[in-house]
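# Per-entry structural report
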Amino acid sequence: MRFKEILATLSVVVSLVAIPVAVGWYHNSYVLGGHPEGTKVITLSGVAESGVWTLDKVNGTNYWWKDFKPATIYLQEGDKVVLRLQSTDVHHRFYAPQLNIGPIEVEPGYIEEVHFEAQTPGTYRYYCTAICGDCHFYMQGWIVITAKGQSPQEPPPLKCVHEFEQPPEDDMVAWGRYLYQKNGCITCHGDDGKGGIENPNYAKEGDIEDPSYVKGSVPAHNTIAESFFLEEKEDAETFVEWLIEKQGEPNIPPPDVPRFFIVLRKCEDAIAIIREGKNCAKADPNGPEPPLQMPSWEVRLTDYDIDAIIAYIITLYEWEEEEEWEEEE
Amino acid sequence: MGNHPANSVDKAKDAPKDSGQVKPFRIDLFKTIPFLKKFCKLRSFQFLVIFPNLVIFVFFLYAGLFGSRVGNRNIIIIFVWIFWWFLLITFMVPFASRVWCVVCPFPFFGEWFQRGALIKVRSGKTGGLRNKMFGLNKKWPKALSNIWLQDIGFLALCTFSALFLTRPIVSVIVLGGLFVIATILAFFYRQRAFCMYVCPVSGFQGLYAMTSMIELRAVDPEVCRRECKTKNCLTGSEKGWACPWYQYVGKMERNNYCGLCMECVKSCPNDNISVFARPFCGDIHVKGYDESWKAFIMLALAMVYAVTLLGPWGTIKEWANIAEVGNWKGFGIYAGIIWFTALIGIPAVWALASWLGKLLAGDRSIPTKEIFIKYSYMLVPLGLLAWIAFSFPLIMINGAYIISTISDPLGWGWDLFGTADIPWRPILPEYTIYIQILLLLFGLFFALKRGYDVSLTLYQDKSQAVRSLIPTGVVCAVIIFAFLRLFIG
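Residues numbered from 1 in each chain as written. Chains lettered and ligands numbered in written order. Predicted model: local features only at pLDDT ≥ 70, side-chain atom pairs only at ≥ 80, totals over all residues. Heavy atoms only, no water.

### Notes on the overall build of chain B
Across its full length, chain B holds 23 helices and 5 strands. Radius of gyration (C-alpha) of chain B: 23 Å, near the 23 Å computed for a compact globule of 489 residues. Taking the principal axes of its C-alpha atoms as reference, chain B extends roughly 60 × 60 × 40 Å. When each of the 489 residues of chain B is scored for burial, the buried share is 60%. Contacts spanning at least 24 positions in sequence make up 81% of the contacts within chain B whose residues lie at least 6 apart. A total accessible area of about 19,300 Å² is found for chain B, and carbon and sulfur atoms account for 70% of it. (Helix = DSSP H or I, 4+ residues; strand = E, 2+ residues; numbered from the N terminus. Rg over C-alpha atoms; globule rule 2.2 N^0.38 Å. Buried < 20%, exposed > 50% of the residue type's maximum accessible area, 1.4 Å probe, protein only. Contact = heavy atoms within 4.5 Å. Areas by Shrake-Rupley, 256 points an atom, 1.4 Å probe, with all protein chains shown as cover.)

Below is the structure:
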């Protein structure tokens, strides 16, 4: 009996220790270690709440409180890589168009493996291209491939900010700025709408029916006043004031802005794009999709919200300070 | 108040007024299957059946903590809340009584501490027992010596079920919490106080175990009465531990509070205890409001779950799903409906039906309270079958997840048996409704049949008995009709 008692006690103690050890051993040896020698196995977890693809381990113990870091993946030229993509919450889509990876649908709880070889040195952006939450547009990162013997560049990570200071809703321009930041418009259109965000696989003008929206990068917004034919700062201010006033009173008379009806038409076109979205055309019809597309905001933004965003981006235009120039002269 | 152990050590002298059983057909399984008796008599029996389950349970907790946080890809969700639940309610309880309590890992460490042993028995004295036990060995407070805590605990847990049915970490908190509470209580209170009075799973198992097709009983109660002076099944001996559930087999007449640990089989000096096969719904006496309310609560939960999970009403699903949707007002309404239906609505209807039954019977000498409590037994087979009818589609819809998670239990991309990526597909969905109809009608049949048996224990005149049964029988029929309406559409 004494022997049985000792054996039983040992069984309990050993099995309690053995469970995590066995799980870890199997995972590292047979799942991660089951690839050819020298292969870099990288697990990227998609986290909608933080708006990141992260290298951090994500599980129930940390998902609800941890602010996960966006992953920058550093590779050496010639590295053979297995990318294990998993979603920890909702449906994501991984896409690194310049490396010809994806788009790969990543369903919650499932692992998708991508095999590739790091060939051409460079800094490549990857994305989530399935709208997955408030931080979706921030869900981007970098794959940096460095030639052997060289030090890698460190591109700036993009991080979703949850806590923007919320202005009163009736301050229309401030409200538009808030929405612009909160909804991640800046991730494609740049800080203060300056643009410059590359959208790989862009089409060249003439290749498609409507080249107006096809750019090498996502359209900037700080020139929208100009494209609305608002030539003077005063005109822009008057138009914005009119936008504000018409909220409570839709039938107010037109403002004193030159070519107002053209301005209004342009404004309505912009509103339609925000409301309905607009896809960027493919350069090669058989090639991959451009990763960045203008989504439809119809469900998530009210008419007032959209007008507020328009009002805000009109104010982004950097007007020349003529009087000061005259004084200097 | 039910047949409560705490008191049963003390009250063991009280003879039951009637057997509380449908008699007398039963088969002695120890005689029919000698190996079973040999196995149950092994000193290591409890350890051998709990230990593998403990290992699995710890693995599940590990998976819940560190595995995928996506519910349908984590074994703790799929195996506990879908597979285990289905096995428990559909097979274990109706066919094998509280067999789950035999293998349940919750009390493992607490009992290990109390006994200071995993296999051997310690002779000695602890209170009135013949075993040496560690810990404070306090008696459970008399005011709580019933299943009200289990009633309320289960209701509270089920109110938040959308949380722990979908989130592995919440399941870990719930299951791990029960594990810790069971262990802590064992330091202070004697034997399995947790299982008897606190464990929310234990409460409904006890009630529905009355329907079970097996029972542990004295082979010949007369032997206990005439020849046994030591009551070793209750107090223990050098061969077996005192009954952790405080039961004296000589007078045990119901399955409710027998955890089938088989210690009594070992300690009985007359070899007078066995496990018997018997007809469905063998025990027919509900004792006490706490047990009646357990029946009401279980029925209410079956109804609310069926409406929420199987019904077409998206708004109710949204209310229940507080974690994803965050509609606290809606959740408040949902919780209010559950608690009101379980604690007030159904009991009120039952009370009215019992009172009408008394009027119809025309015999004022039987108190309405007694009719109310005793007829609440009708809701035991009814509730059990309603739960089975509810659980069947769940297993048939989610069966594919069981097969895939067994290959990838943590959602880490494993494929142990080559089934990790099998596509989700419901199993024979076209037959589900027929199975449900049969189950519900079977439940109604047994509710009425056993209700009639109960009525005959109240009224000697058969026609009085039948008349008294009409209102509660109608309530049962309406409930089953409502389930059928919901399932058939």
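### Some remarks on the side chain of Arg125(A)
Tracing the backbone shows Arg125(A) in strand S8 (residues 122–128). Once you skip the residues sitting within four places of it in the chain, Arg125(A) turns out to touch Tyr95(A), Ala96(A), Pro97(A), Gln98(A), Gln140(A), Gly141(A), Trp142(A) and Leu158(A).

### Considering the sheet that holds strand S6 (residues 101–106) of chain A
Residue and element names in this part refer to chain A. Read from one edge of the open sheet, 5 strands run S3-S9-S8-S5-S6, paired in mixed fashion. One side of each edge strand has no neighbouring strand; the edge strands of this open sheet are strand S3 (72–76) and S6. Here the strands of the sheet are splayed against their neighbours by 15° on average, with no regard to which way each runs. For S8 and strand S9 (residues 140–146), the ladder comprises 6 bridges, and the chain directions are antiparallel. (Pairing = 2+ DSSP bridges. Axes fitted to C-alpha atoms, helices over the stretch in contact; angles between N-to-C directions.)

### Notes on the domain arrangement of chain A
Residue and element names in this part refer to chain A. Domain annotation for chain A reports domain 1 (36–146) and domain 2 (172–314). For domain 1 and domain 2, the distance between their C-alpha centroids amounts to 30 Å. If you look at the interface, domain 1 gives 11 residues, while domain 2 gives 16 residues. Taking both sides of the interface into account, the surface hidden between domain 1 and domain 2 amounts to around 1,200 Å²; carbon and sulfur atoms contribute 59%. The interface formed by domain 1 and domain 2 contains 1 salt bridge. Between aspartate 134 and arginine 300 there is a salt bridge whose closest N-O contact spans 2.6 Å. The tally of links between domain 1 and domain 2 comes to 3 residue pairs in polar contact (both at pLDDT 80 or more). (Domains from an automatic or database assignment. Buried area = accessible area lost by both parts, 1.4 Å probe. Salt bridge = Lys/Arg side-chain N within 4 Å of Asp/Glu carboxyl O. Polar contact = N/O pair within 3.5 Å; in protein donor to acceptor, adjacent residues only side chain to side chain.)

### A closer look at helix H4 (residues 45–66) of chain B
Residue and element names in this part refer to chain B. Between its terminal C-alpha atoms H4 stretches 32 Å, which fits the 32 Å expected from 22 residues at 1.5 Å a residue. For H4, the principal kink sits at phenylalanine 51 and spans about 25°; a proline, proline 52, occurs within the next four residues. Burial analysis of H4 places 16 of its 22 residues in the buried class, the great majority of the element. (Expected span 1.5 Å × (residues − 1). Bend = angle between axes of the 7 residues up to and from the residue.)

### Some details on the packing of aromatic side chains
Aromatic rings in a pair are described by how distant their centres are and how their planes are angled relative to each other. Under the definition given, this model contains 60 aromatic pairs over all chains. Measuring from ring centre to ring centre gives 5.4 Å for Trp140(B) and Tyr197(B), while their planes differ by 10°; the resulting arrangement is stacked. Of this pair, Trp140(B) sits in the loop between strand S3 (129–131) and helix H8 (148–159) while Tyr197(B) sits in helix H11 (residues 193–198), placing them 57 residues apart in sequence. Residue class for Trp140(B) comes out buried when judged on its relative accessible area of 10%. Looking at Tyr197(B), the relative accessible area reads 0%, which means it is buried. Among the aromatic side chains, those forming a connected cluster through ring pairs are Trp81(B), Trp84(B), Trp85(B), Trp100(B), Phe154(B), Phe164(B), Phe204(B), Tyr305(B), Trp387(B) and Phe390(B). When the ring centre of Tyr110(A) is taken as reference, the NZ or CZ atom of Arg73(B) above it lies at 3.8 Å. Positioned above the aromatic ring of Tyr248(B), the side-chain terminus of Lys231(B) is 5.0 Å from the ring centre. (Phe/Tyr/Trp six-rings, centres within 6.5 Å; stacked < 30°, edge-to-face > 60°. Lys NZ or Arg CZ within 6 Å of the ring centre and 35° of its normal.)

### Notes on the packing of helix H12 (residues 200–208) of chain B against helix H16 (residues 289–310) of chain B
Residue and element names in this part refer to chain B. The N-to-C vectors of H12 and H16 enclose an angle of 100°; their axes lie 10 Å apart at closest approach. Put simply, H12 runs roughly perpendicular to H16. Contacts between H12 and H16 involve Pro200, Gly203, Phe204, Leu207 and Tyr208 from the first element and Glu291, Lys294, Ala295 and Met298 from the second. Here the contact of H12 with H16 is composed, by residue class, of 6 nonpolar, 1 polar and 2 charged. (Parallel < 35°, antiparallel > 145°, perpendicular 65-115°, else oblique. Nonpolar A, V, L, I, M, F, W, Y, C, P; charged D, E, K, R; others polar.)

### Examining the side chain of Arg73(B)
Its location among the elements puts Arg73(B) in the loop between H4 and helix H5 (75–96). Given a relative accessible area of 2%, Arg73(B) falls into the buried group. Of note is the side chain of Arg73(B), whose polar atom sits 3.5 Å from the backbone oxygen of Ala420(B). Setting aside chain neighbours within four positions, we find Arg73(B) in contact with Pro108(A), Gly109(A), Tyr110(A), Ser68(B), Ser404(B), Thr405(B), Asp408(B), Pro409(B), Leu410(B), Gly411(B) and Ala420(B).

### As for the packing of H4(B) against helix H7 (residues 108–115) of chain B
Residues and elements named next belong to chain B. Close contact between H4 and H7 brings their axes to 11 Å; oriented N to C, the two are set at 140°. Relative to H7, the element H4 lies oblique. Facing H4, whose interface residues are Gln46, Phe47, Ile50 and Leu54, H7 presents Phe108, Phe109, Glu111 and Arg115.

### Concerning the pairing of strand S5 (residues 92–96) of chain A
Residues and elements named next belong to chain A. Most of S5 sits out of view: 4 of its 5 residues are buried. Taken together, the 4 bridges between S5 and S6 define a ladder with antiparallel strand orientation. Looking across to S6, one finds that phenylalanine 94 is bridged to isoleucine 104. In sequence, S5 turns back onto S6 through a hairpin of 4 residues, with asparagine 100 there showing a positive phi of about 60°. Relative to S8, S5 runs antiparallel, the two being bridged by 2 bridges. Looking across to S8, one finds that phenylalanine 94 is bridged to cysteine 128.

### Notes on the sheet that holds strand S1 (residues 27–28) of chain B
All names here are of chain B. The 3 strands lie next to each other as S1-S5-S4, forming an open sheet whose pairing is antiparallel. Edge strands, defined here as strands with exactly one partner in the open sheet, are S1 and strand S4 (214–218). One ladder, built from 2 bridges, connects S1 with strand S5 (residues 273–277); its direction is antiparallel. The partner of isoleucine 27 across the bridge, within S5, is alanine 277.

### Quick notes on the pattern of salt bridges
All names here are of chain A. If you walk through the whole model with that rule in mind, you get 28 salt bridges over all chains. Two residues, lysine 40 and aspartate 79, come together in a salt bridge whose shortest N-O distance is 3.2 Å. With lysine 40 in strand S1 (residues 40–47) and aspartate 79 in the loop between S3 and strand S4 (80–87), this pair connects stretches of sequence that are 39 residues apart. Given a relative accessible area of 32%, lysine 40 falls into the partly exposed group. Glutamate 105 is the partner of arginine 93 in a salt bridge, and the nearest nitrogen-oxygen pair spans 2.9 Å. Highlighted residues: arginine 93 in strand S5 and glutamate 105 in strand S6, separated in sequence by 12 residues.

### A closer look at the state of the cysteines
Inspection of every chain in the model, using the stated rule, returns 1 disulfide over all chains. Here Cys135(A) is linked by a disulfide to Cys160(A), with a sulfur-sulfur distance of 1.9 Å. The chirality of the disulfide connecting Cys135(A) with Cys160(A) is left-handed, given an S-S dihedral of about -60°. Placement of Cys135(A) in the loop between S8 and S9 and of Cys160(A) in the loop between S9 and helix H2 (172–182) is noted, with a sequence separation of 25 residues between them. Free cysteine: Cys195(B), not disulfide-bonded; nearest cysteine sulfur from Cys199(B) at 6.3 Å. In this structure Cys228(B) is not part of a disulfide, and its nearest cysteine sulfur, from Cys224(B), lies 6.2 Å away. (Disulfide = S-S within 2.5 Å.)

### Remarks on the environment of Trp65(A)
Residue and element names in this part refer to chain A. Residue placement: tryptophan 65 occurs in the loop between strand S2 (52–54) and S3. Residues tryptophan 65 and aspartate 303, 238 residues apart in the sequence, show an inter-C-alpha distance of 34 Å. Polar contacts involving the side chain of tryptophan 65 include one to the main-chain carbonyl oxygen of threonine 61, which spans 2.8 Å.

### Regarding the environment of Thr126(B)
All names here are of chain B. Within the element layout of this structure, threonine 126 appears in strand S2 (residues 123–126). Once residues within four sequence positions are removed from consideration, threonine 126 is found in contact with Asn131, Lys132, Met133 and Asn137. Within the structure, threonine 126 has its side chain in polar contact with the backbone nitrogen of methionine 133 (distance 2.9 Å).

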